[in-house]
Amino acid sequence: MAEGESVDMSKLLERFYERLSEAGLKSTRQREVIFETFFSLNRHISVDELLAEVRTTAPHVGYATVYRTLKLLVEHGFARPRHFDDGQTRYDPQDEDEHEHDHLICIDCRRVMEFDDEVVHARLGQIVRDFGDYDLTRRKIELYARCRIQDCPHRPQ
Ligand SMILES: [Zn+2]
Ligand SMILES: [Zn+2]
């Protein structure tokens, strides 16, 4: 999901509860807080970062609960794990009709931005077909760039 894109939280939560009950799991207050925090922040977030954010509203939530809830979100299509070049796993919020998208990563401030360029996508499809009878099913493009913004607001303190 594009960063900053607003989400219909009640609709998302409803789908989350449906998936949970299908899986025979209960919807707990902690799972709900984690889910809501994850989707309202709507960025590529690590377990530790999400834990810190969740604890501002629910101070007693533990690491394992956040970790397991994110796993659950991945299993049920609400999140995708991403691995950029720093060994961290980041979770990317996914909406129902999510398009495959690519990432631009700032190597100075670690900001992750998304793009979906039709010209690039079409060209990649053509490259695959040039090899013979193949259809492109998945792609992974990561662009690493330096941030030239003085006092970049995203740079960690
Ligand atoms: Zn993404
Ligand atoms: Zn930057």
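Before going into details, it helps to say that this report is about the structure given with it. Keep in mind the model is a prediction, meaning the values are calculated, not measured.

Right, let's talk about the overall build of the protein for a bit. The secondary structure content of the protein amounts to five helices and five strands. For the protein, the succession of helices and strands along the chain, N to C, is α-α-α-α-β-β-β-β-α-β. Over its C-alpha atoms, taken along the principal directions, the protein stretches across nearly 50 × 45 × 25 Å. When burial is assessed residue by residue, the protein has 32% of its 157 residues classed as buried. Across the protein, contacts joining residues at least 24 apart in sequence account for 53% of those joining residues at least 6 apart. In the structure as shown, the protein presents an accessible area of about 10,000 Å², 49% of it carried by carbon and sulfur atoms. If the 23 positive side-chain charges of the protein are averaged to one point and the 31 negative ones to another, these points end up 5 Å apart.

Before going further, it helps to examine the coordination of the zinc ion (ligand 1). For the zinc ion (ligand 1), every protein donor is listed as His44 (NE2), Asp92 (OD), His101 (NE2), His103 (NE2) and Glu114 (OE), and the spread of their distances is 2.0 to 2.1 Å. Sequence positions of the donors to the zinc ion (ligand 1) reduce to the motif H-x47-D-x8-H-x1-H-x10-E. Of this pair, Asp92 sits in strand β2 (residues 89–93) while His103 sits in strand β3 (residues 102–106), and the two are eleven residues apart along the sequence. Across this residue pair, the class does not change: Asp92 and His103 are buried.

The next point concerns the nonpolar core. Looking at soluble globular proteins, one finds that nonpolar side chains tend to be buried together. Core analysis: the largest hydrophobic core is formed by 24 residues, its most contacted members being Phe35, Phe38, Leu50, Val66, Leu70 and Leu73. Those elements that place two or more of their residues in this core are α1 (9–22), α2 (29–41), α3 (47–55) and α4 (63–75). Among all residues touching Leu73, those that are not within four sequence positions of it are Phe16, Phe35, Phe38, Phe78 and Ala79.

Calculation notes
Residues numbered from 1 in each chain as written. Chains lettered and ligands numbered in written order. Predicted model: local features only at pLDDT ≥ 70, side-chain atom pairs only at ≥ 80, totals over all residues. Heavy atoms only, no water. Helix = DSSP H or I, 4+ residues; strand = E, 2+ residues; numbered from the N terminus. Buried < 20%, exposed > 50% of the residue type's maximum accessible area, 1.4 Å probe, protein only. Contact = heavy atoms within 4.5 Å. Areas by Shrake-Rupley, 256 points an atom, 1.4 Å probe, with all protein chains shown as cover. Lys, Arg positive; Asp, Glu negative; His and termini not counted. Charge placed at Lys NZ, Arg CZ, Asp CG, Glu CD. Donors = N, O, S within 2.8 Å, 3.2 Å for Na, K, Ca; no water. Core = buried A, V, L, I, M, F, W, Y, C linked by side-chain atoms within 4.5 Å.

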